[in-house]
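These are the residues of each chain, in order.
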Amino acid sequence: MLSKNGIYAWLLAAELQAIKCRALIREQCKETDHQLTGHTDRLLEANMQAVVFLISAVLAAVISSSAGYQFGPLCCSNPTNAIRGSDIFGEGRFGASRGSRKHGGVDIKCEDGSKVYAPLDMTITRQSIPYRYGTKTAINNGIAFTAEGMRFKLWYIRPTKFSGTVRKGDLIGTMLSMQSVYSGITSHVHLEKDPKTDPMHVINTQDTAANRAFCSSRD
Ligand code: ZN
């Protein structure tokens, strides 16, 4: 038989044990809650990373296709439209020194006598010549054209025509005899945007593999 005091003592002990248990459970709950919060944070972080990745991918796709065109090869002796480097007459890049003035376009390498193709769908608007006073007649020829909402000049070619629309890849002329005028130069066509700004952003839309494929069956 338990005495009255004994029963009180037992109830007290039981109550103390219960308090301890509840405290323990609360601690465990907190721990679980903390873990859950940690998981949730990591989950949110992962979701954010996924969203950022998705936005970047979409933007990259939009930017890469924003030009809506790909610059083709002008001259199949140079399918990837490589720019004339430095030679005894100067450099081919936009803004290169030409004595007191600056180069207003880019020089795209092309061997004398090569066929020259339309790098874009274009409208040829008129003849355009580099030299005003009848000098250097062997290379003093070219065209002005519009393409993709921009105006251009293309020099040192004997054009097939001076007006009308042509499609990308159509023959538009023949590279003139630049070596007969500037012996030792890296022969090239001169492509210029009108007004004069660097046309490299247009050339850089090119798909080099597609250009090589186009040139594989042409000279
Ligand atoms: Zn030039």
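Structure: see above.
Thresholds applied
Residues numbered from 1 in each chain as written. Predicted model: local features only at pLDDT ≥ 70, side-chain atom pairs only at ≥ 80, totals over all residues. Helix = DSSP H or I, 4+ residues; strand = E, 2+ residues; numbered from the N terminus. Contact = placed C-beta atoms within 7 Å. Pairing = 2+ DSSP bridges. Axes fitted to C-alpha atoms, helices over the stretch in contact; angles between N-to-C directions. Buried ≥ 20, exposed ≤ 12 C-beta atoms within 10 Å, placed from the backbone.

**Observations concerning the overall build of the chain**
A tally of helices and strands in the chain yields three helices and eleven strands. Listing the helices and strands of the chain from first to last along the sequence gives α-β-β-β-β-β-β-β-β-β-β-β-α-α. Of the contacts made within the chain by residues no fewer than 6 positions apart, 67% connect residues no fewer than 24 positions apart.

**Looking at the sheet that holds strand β5 (residues 122-127)**
A sheet is described by the order of its strands in space; here six strands give the open sequence β3-β11-β7-β6-β5-β9, paired in antiparallel fashion. Of all the strands in the sheet, just β3 (106-109) and β9 (164-166) have a single pairing partner and so form its edges. Mean inter-strand twist for the sheet, computed between neighbouring axes without regard to direction, equals 30°. In the sheet, β3 pairs with strand β11 (residues 188-194) via four bridges, with the strands oriented antiparallel. Each bridged residue has a counterpart across the sheet, and for Ile-108 the counterpart in β11 is Val-189.

**A closer look at the environment of His-188**
Here His-188 shows up in strand β11. Separated by 81 residues in the primary sequence, His-188 and Asp-107 have C-alpha atoms spaced 5.6 Å apart.

**Quick notes on the pairing of strand β10 (residues 171-175)**
Where strand β4 (residues 115-117) lies against β10, three bridges are found, and the strand directions are antiparallel. Counterpart to Lys-115 in the pairing with β10 is Thr-174. The sheet contact formed by strand β8 (residues 157-159) and β10 spans three bridges and is antiparallel. Within β10, the residue paired with Pro-159 across the bridge is Gly-173.

**Considering the sheet that holds β4**
Paired through their backbone hydrogen bonds, the strands of a sheet run either parallel or antiparallel. The sheet built from three strands is open, its strands ordered β4-β10-β8 with antiparallel pairing. Edge positions in the sheet fall to β4 and β8, since each of these pairs with one other strand and no more. Across this sheet, the average inter-strand angle for adjacent strands is 35°, counted without regard to direction.

**A look at the environment of Gly-164**
Take Gly-164: it is sitting in strand β9. For Gly-164, a count of 11 C-beta atoms within 10 Å corresponds to the exposed category. C-alpha of Gly-164 to C-alpha of Ile-124: the two residues are 40 residues apart in sequence and 5.3 Å apart in space.

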